[in-house]
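So the chains spell out like this:
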Amino acid sequence: MRNFMFFLFFGLILAVVTSTAFAAQIRVGQDYGPTPKYFNADDKAYYPAEIYLPNETNPARYRIHSNYSRNTDACAGCHATHTAVGETLLQWGTVYDTCMACHDGTISTTYNVQEGEIGASGKPTYGGMFGIGSEPFLSNHLVTGAVKIFAAPGGNITGNYETYDVPDQGQGKMWDITFGCESCHSPHGLGGNARILNPNVNAYSLVNYKTNFSLKKVTEGNETFWVALSSGNSFDSTAKNAYQWVRSYPYLKGTKVYFDGTEKVEGVDYELSNLQGYTKIKVLQGNPANITASFYPALQVAMTITNYLDGDKTSQSPDSETVIHVKGINAFCGACHTDYNTENVYKDSTKSEPNGSSDLLNGKYTEAYRHQVGFNVADFEQYLPNSNMAYELRDGKKYMTCLTCHYAHGVSQSFWQKTLEGNWFPEAKSYWGTLPLVEIAGSSALKRAPNMATCETCHRKGPASEGYTANSPGSTPGNDRVTSVNPSFPLTRVDNTLCQKCHEKIYTGWQQTKHAKLTGDKVDCQDCHTGGGEHVKSPSGAYMDSISELNYQAQVAKCAGANCHGNTSDTLANMDYNSDTISFVDSSTSQIREHVSSKHYNVGAMTCTTCHNPHGVIKHNNQTYELKYQPNSLCAFCHDLGEFAGAFNWEDYMPPVPRAAVNGAVYHLHSFTYKESGFPGWLDSDH
C-alpha cells in the first residue's frame, strides 16, 4: 500500500516537474512542506518525494557531511535553496529535526543515533543512544535545542561569559549558545575532525582567534612549508604540534596570510592545505622572510576508525566497525564541561602525567575534588573490557578520558543490554552474566554501566573485600537492595523565571502561546513537567517528570481535565474508528473528547504534541498557530496528499469552530473529524 501510494505520488510530481528542477520542496497548497521521511535504499533518487542520499545503499563510499568533491550533490540531502521550511535553508524546521530525519533509523544504511545502532545491523554505536524519552533509565545529551550550553555540568555558572569580537561573527559570547546536535558536530565537517566533531565547540575557535601570528618555516626532504606552532619551538611531524585552521564560510574574513607584512591571496601567492591534520602554507610566489597569519584555530579530535559504518552482525567479525580514540577527547568534552576536565591538574608538578585532582581543590568556575583524567590506565587496562570502557591511544600508551566511563550521546537499559549482556562484546557479557541492569543510584548519567559499576570495574573493591564472611562467622552480609527508581521526592514548585535561565529559547516561545496568555492561572512549565524545586538544584532528568515519558493515552489525558481541554473519559457514541464515514461534531464537544474519538488518536496514536508546539508559535496567513509547522505542511508529514497538494487547505478537513472556555472567552479552535471520508490516505498503511 505504502509503495503504491508513494509511486503514484511521485508519478504525479514527475508529470509536472522536470528532473532538472528537483532541488525544491513539495508544495502543499500555498506552503512548502518538509521532505517526507521516506527512504528506500535502491540507489534511485526520488527527491523531493523521499530523502536524498547520494549513495543510498552504501553511503560510506560517498560522505554527505565531509570530503566534498567540486561537483558535490550532498547539499541536497539537507538544504533546499529556494523552498526551505527551516532557517539556514533546511528542508526540516529545526537542526534537530533535520538530523533526526535521517538518523532516527529512517535511513537504514547510516547511524541510527536514536536507538544507538549502526544502520539496520543492530550493532551498538560507539557513541550511545539518544532515545525518544520513554526508555527505562534513559539519560542523554539534550540536543533538542531546549537548553543553553552554560547549563552543562561543570560549565560556567557565573553568568560572566568569555567574549569574542572577530571579523566573521562580530561580537558574541561563549556559553550563551543554544545546545543542539550542531554544538558537538559540524554538519559540513569543518576542521577535518574525526566523527565530524565541531572544531568550534562552544565558540572555542572564535574566543581563541589568532591575529598576526608568526608562522614557522619547515623543511622536510624536498618540501618547504610554513606552519603555526601550537606548542614548542620546532615542528614535529609525528606529534603534529601545529594548528589546524577552521576555514571557508563562515570563517572567510578572518583568515588572512601576510608575507613580510603584506596580505597575500590564496591560490595565487600561497597554497593552504589541511590534508595532513594540520594547516601548512606553501609559497607559490615570492620568497618571504617572515609569514604571519590571522586564523581560527580548531579544537582537534582524532580517532582511528576501521570499517566505517560496517555493522556486521557477527560480533567478532574483523570487518565490523571499530573506533579507537587518539587525541582531543578530554579537551573537546572540557569545552563545555570545563571544570570536569582534570587532564591539566598536577598536584605533583614533577610527574609527567596529571595527578592528584581527587586530593586538590580544582576547577575554573567551581572548586571541588574531582576524578582524574588524562593519566595512563596501564594498571586498569585488563579490566576495561568488562564494562566496554574506552581509552585514548597516544604514543603507544592508553589514557583515561571522559569517554572511558561515559557515552557521548546517552544510554538506557536497552543499550546496556546490548553492550553488556549482548553478543557484541564477549568480555562484558562474561563479566556481567545475568546481573540486573537497573539504575538505582540516581541518574544513569550517560554511564557505560549502571550505578557505580564503572568505578567498580577498575577499582575492584568487591574482590578486595573478600574474606569478610570467613573472618566474621555468623555475620553473613546480605545482598538485597531497594531497587525502586527515583524514590519519591518533593516536587515543589519554583518561580518560572528559574526555568528561563537555562531554557531561554523555550521560555520565550512559551510566552507567545495561549497557555502563557491565559487570564489568571497560566499553564506554565511546571504544569506539564511537575515541580522544579529539586531540578534547579541538580539539573538532571532524574528530578523532573516529563510528559514525553508517558504513553500516548496518558499524554493526551495530561491535556484534559475540566479546566483544560476537556475530558478523555467521554467518547462519541457509535463510532467506528476504522471507518471513513465519521462526520463533523457540533461545537459543544470538547477538543479532547473529539480527539479521542478520531482516527488521529485511535489509529495514529497521536498525542497533542504530535502537531502542536507548547513551546512556541508560528505565523501563517496573518494568523498565529501553536504548531510545529505551517498547517498544510504539517498534514503532509503523514498524509500522501497526492493530487490534492496544489489546492489542499487544512481548514476544509479540520475547520475551526467556536468553543467556550471556562473563563467565558470564546476561542475558534480546529475540529478533528469533519469530512474524513474525503481526506487523503496515510503515507504508511501501518500508521
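What you are looking at is a predicted structure, and each value in this text was computed from that prediction instead of being measured.

Visitor: It is not clear to me how the packing of aromatic side chains should be interpreted in this structure. Could you clarify?
Guide: Within the structure shown, the criterion is met by 17 aromatic pairs. Relative to tyrosine 308, the ring of tyrosine 111 lies with its centre 5.9 Å away and its plane at 70 degrees, an arrangement referred to as edge-to-face. With a gap of 197 residues between them, tyrosine 111 in strand S3 (residues 111-112) and tyrosine 308 in the loop between strand S19 (302-306) and strand S20 (322-327) connect regions that are remote in the sequence. With a relative accessible area of 13%, tyrosine 111 lands in the buried category. Judged by relative accessible area, tyrosine 308 falls into the partly exposed class, the value being 26%. When the centroid spacing of 5.0 Å and the interplanar angle of 55 degrees are considered together, the rings of phenylalanine 235 and tyrosine 278 count as tilted. Pair noted here: phenylalanine 235 is in the loop between strand S12 (223-227) and strand S13 (245-246) and tyrosine 278 is in the loop between strand S16 (270-273) and strand S17 (280-283), with a separation of 43 residues, a long-range link. The same class applies to phenylalanine 235 as to tyrosine 278, namely buried. Put simply, the rings of Phe213, Tyr243, Trp245 and Phe295 touch in pairs and so form one group of aromatic residues. Sitting over the face of the ring of tyrosine 308, arginine 63 holds its NZ or CZ atom 3.7 Å from the ring centroid. The residue whose ring lies beneath lysine 280 is phenylalanine 225, and the NZ or CZ to ring-centre distance is 4.7 Å.

Visitor: I would appreciate a short explanation of the nonpolar core in the present structure.
Guide: Nonpolar side chains in soluble globular proteins generally cluster together in the buried interior. Core analysis: the biggest nonpolar cluster contains 43 residues, and Trp175, Leu206, Tyr296, Val301 and Met303 have the highest contact counts within it. Mapped onto this core, the elements with two or more residues apiece are strand S6 (144-148), strand S7 (163-166), helix H5 (329-334) and helix H6 (402-405). Among the elements that make up this core, the one with the highest residue count is H5 (three residues). Residue contacts for tryptophan 175: discarding those within four places in its chain leaves Lys148, Ile149, Phe150, Gly155, Asn156, Tyr161, Glu162, Asn202, Ala335, Cys336, Thr338 and Tyr365.

Visitor: For this particular structure, what's the right way to read the side chain of threonine 35?
Guide: Considering the arrangement of structural elements, one finds threonine 35 in the loop between strand S2 (31-32) and helix H2 (95-103). By relative accessible area, which is 1% here, threonine 35 ends up buried. Discounting chain neighbours no more than four positions away, the residues touching threonine 35 are Gln25, Tyr47, Pro48, Glu50, Ile51, Gln91 and Trp92.

Visitor: Got a minute to help me understand the sheet that holds S12 in this structure?
Guide: What links the strands of a sheet is backbone hydrogen bonding, and the strands pair in either a parallel or an antiparallel sense. Within the open sheet, the four strands sit side by side as S11-S12-S17-S16. Their pairing is antiparallel. Edge positions in the open sheet fall to strand S11 (216-220) and S16, since each of these has one partner strand only. Mean inter-strand twist for the sheet, computed between neighbouring axes without regard to direction, equals 35 degrees. Relative to S12, S11 runs antiparallel, the two sharing five bridges. Each residue of the ladder has a partner; that of lysine 216, found in S12, is valine 227.

Visitor: Explanation requested: H2 in the structure shown.
Guide: For the α-helix, the turn length of 3.6 residues means that residues three or four positions removed from each other point alike. Every buried residue belonging to H2 is among Thr98, Met100, Ala101, Cys102 and His103, and all of these are buried. Check the buried side of H2 and you find it contacts S3. Just beyond H2, the residue with positive phi is glycine 105, at close to 105 degrees.

Visitor: For this particular structure, what's the right way to read the pairing of S17?
Guide: Within a regular strand, side chains alternate between the sheet's two faces. Strand direction decides the pairing type here: S12 and S17, joined by two bridges, are antiparallel. Paired with tryptophan 226 across the strands is isoleucine 281, a residue of S17. Hairpin connection, S16 to S17: the antiparallel pair is bridged by six residues, and glycine 277 has positive phi, about 90 degrees.

Visitor: Is there a simple way to explain the pattern of salt bridges in this structure?
Guide: Where charged atoms from two side chains of opposite charge come close, those side chains can pair. Enumeration according to the criterion identifies 15 salt bridges in this entry. Of the charged contacts in the structure, one is a salt bridge between glutamate 321 and arginine 195, with a shortest N-O distance of 3.0 Å. In this pair, glutamate 321 is assigned in the loop between S19 and S20 and arginine 195 in the loop between helix H3 (181-184) and helix H4 (204-207), connecting sequence segments 126 residues apart. Between glutamate 392 and arginine 394 there is a salt bridge, and its shortest N-O distance comes to 2.8 Å.

Visitor: Would you take a moment to explain the confidence of the model for the protein for this structure?
Guide: For residues with low pLDDT, the predicted coordinates do not support detailed interpretation. Averaged over every residue, the pLDDT of the protein is 85; the share at 70 or more is 85%. Within the model, the stretch residues 1-23 combines pLDDT values under 50 with 31 contacts to residues more than four positions away or in other chains. Low confidence marks residues 570-575, where pLDDT is under 50. Its contacts with residues over four positions away, or in another chain, come to 12 contacts.

Visitor: What am I meant to see in unusual backbone geometry here?
Guide: Excluding glycine, most residues fall at negative phi; most peptide bonds, likewise, are trans. A cis amide bond links tyrosine 47 to the next residue, proline 48, at an omega of 15 degrees. Put simply, tyrosine 249 and proline 250 share a cis peptide bond, and its omega is 5 degrees. Within the secondary structure layout, proline 250 lies in the loop between S13 and strand S14 (256-259). In the Ramachandran plot, tryptophan 175 falls in the positive-phi region, its phi being about 70 degrees despite a non-glycine side chain. A residue is classified by how much of its surface remains accessible, and tryptophan 175, at 0% relative accessible area, is buried.

Calculation criteria
- Residues numbered from 1 in each chain as written.
- Predicted model: local features only at pLDDT ≥ 70, side-chain atom pairs only at ≥ 80, totals over all residues.
- Heavy atoms only, no water.
- Phe/Tyr/Trp six-rings, centres within 6.5 Å; stacked < 30°, edge-to-face > 60°.
- Helix = DSSP H or I, 4+ residues; strand = E, 2+ residues; numbered from the N terminus.
- Buried < 20%, exposed > 50% of the residue type's maximum accessible area, 1.4 Å probe, protein only.
- Lys NZ or Arg CZ within 6 Å of the ring centre and 35° of its normal.
- Core = buried A, V, L, I, M, F, W, Y, C linked by side-chain atoms within 4.5 Å.
- Contact = heavy atoms within 4.5 Å.
- Pairing = 2+ DSSP bridges.
- Axes fitted to C-alpha atoms, helices over the stretch in contact; angles between N-to-C directions.
- Salt bridge = Lys/Arg side-chain N within 4 Å of Asp/Glu carboxyl O.
- pLDDT = per-residue confidence, 0-100.

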